[in-house]
Amino acid sequence: QVQVGESGGGLVQAGGSMRLSCAATGRFFSRYGVGWFRQAPGKEREWVAIISGSGDSTDYAASVKGRFTISRDNAKDTVYLQMNTLKPDDTAVYYCAADRQYPLYSNEYDYWGLGTQVTVSS
């Protein structure tokens, strides 16, 4: 099994950029697909982006496609979420999650981080 933890959140102005990191501990991280999710106040958690264990396959929610990029460095056991052209609607707690199954778009991932707050000011 693995453990994952997010970092890189904070406050940014609309139109700005931010990179989130999801660092994993445990064995065989490259065998796990990873998803980024977010939850805004009063809303349900939604998936944002997913990446396969090898990094060869990715997918994005329509709301972030063209602005966000998910990538991974398996040598560092880390997955990244590069967020560009940020909007106030992107304000949320961002979570990463890992699972042996790919693709997985739901909340049914086995391993979750505690989340990192991203706030985009207008």
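Here goes a summary of the coordinates provided. (Residues numbered from 1 in each chain as written. Predicted model: local features only at pLDDT ≥ 70, side-chain atom pairs only at ≥ 80, totals over all residues. Heavy atoms only, no water.)

Re the layout of surface pockets
- Taken as a whole, the largest pocket spans an internal volume of roughly 150 Å³.
- In terms of lining, the largest pocket is formed by Arg38, Gln39, Ala40, Lys43, Glu44, Glu46, Pro88, Asp89, Thr91 and Ala92.
- Looking at side-chain class alone, the lining of the largest pocket contains three nonpolar, two polar and five charged residues. (1 Å grid on protein atoms, 1.4 Å probe; cavity = no way out; pocket = protein on both sides within 12 Å on 5 of 7 lines; lining within 4 Å. Points joined across faces, edges and corners; volume = space filled by probe spheres on them. Nonpolar A, V, L, I, M, F, W, Y, C, P; charged D, E, K, R; others polar.)

Some words on the environment of Val79
- Looking at the secondary structure, you find Val79 in strand E8 (residues 78-83).
- Residues Val79 and Gly66, 13 residues apart in the sequence, show an inter-C-alpha distance of 18 Å.
- In contact with Val79, not counting residues within four places along its chain, are Leu20, Ser21, Cys22, Phe29, Val34, Trp36, Ile51, Ile70, Ser71 and Arg72. (Helix = DSSP H or I, 4+ residues; strand = E, 2+ residues; numbered from the N terminus. Contact = heavy atoms within 4.5 Å.)

Some thoughts on the environment of Leu114
- Inspection of the secondary structure assignment puts Leu114 in the loop between strand E10 (111-112) and strand E11 (116-121).
- Along the chain, Leu114 and Cys96 lie 18 residues apart, while their C-alpha atoms are 8.3 Å from each other.
- Apart from the residues lying within four places of it in its own chain, the contact partners of Leu114 are Glu6 and Tyr95.

Some remarks on the sheet that holds E8
- Here four strands make up an open sheet; going across it, the order is E1-E3-E8-E7 and the pairing antiparallel. What marks the edges here is a single partner per strand, and that holds for strand E1 (2-7) and strand E7 (68-73). Strand-to-strand twist in this sheet, taken as the mean axis angle between neighbours without regard to direction, amounts to 15°. (Pairing = 2+ DSSP bridges. Axes fitted to C-alpha atoms, helices over the stretch in contact; angles between N-to-C directions.)

Observations regarding the packing of aromatic side chains
- Evaluation of the coordinates by the stated rule reveals six aromatic pairs.
- A centroid spacing of 6.1 Å and a plane angle of 70° characterise the contact between Tyr109 and Trp112, whose relative ring orientation is edge-to-face.
- Owing to a relative accessible area of 5%, Tyr109 belongs among the buried residues under this scheme.
- Using a relative accessible area of 24% as the deciding quantity, one classes Trp112 as partly exposed.
- A cation over a ring is seen here: Arg45 above Tyr95, with NZ or CZ 5.0 Å from the ring centre.
- When the ring centre of Phe29 is taken as reference, the NZ or CZ atom of Arg72 above it lies at 4.6 Å. (Phe/Tyr/Trp six-rings, centres within 6.5 Å; stacked < 30°, edge-to-face > 60°. Buried < 20%, exposed > 50% of the residue type's maximum accessible area, 1.4 Å probe, protein only. Lys NZ or Arg CZ within 6 Å of the ring centre and 35° of its normal.)

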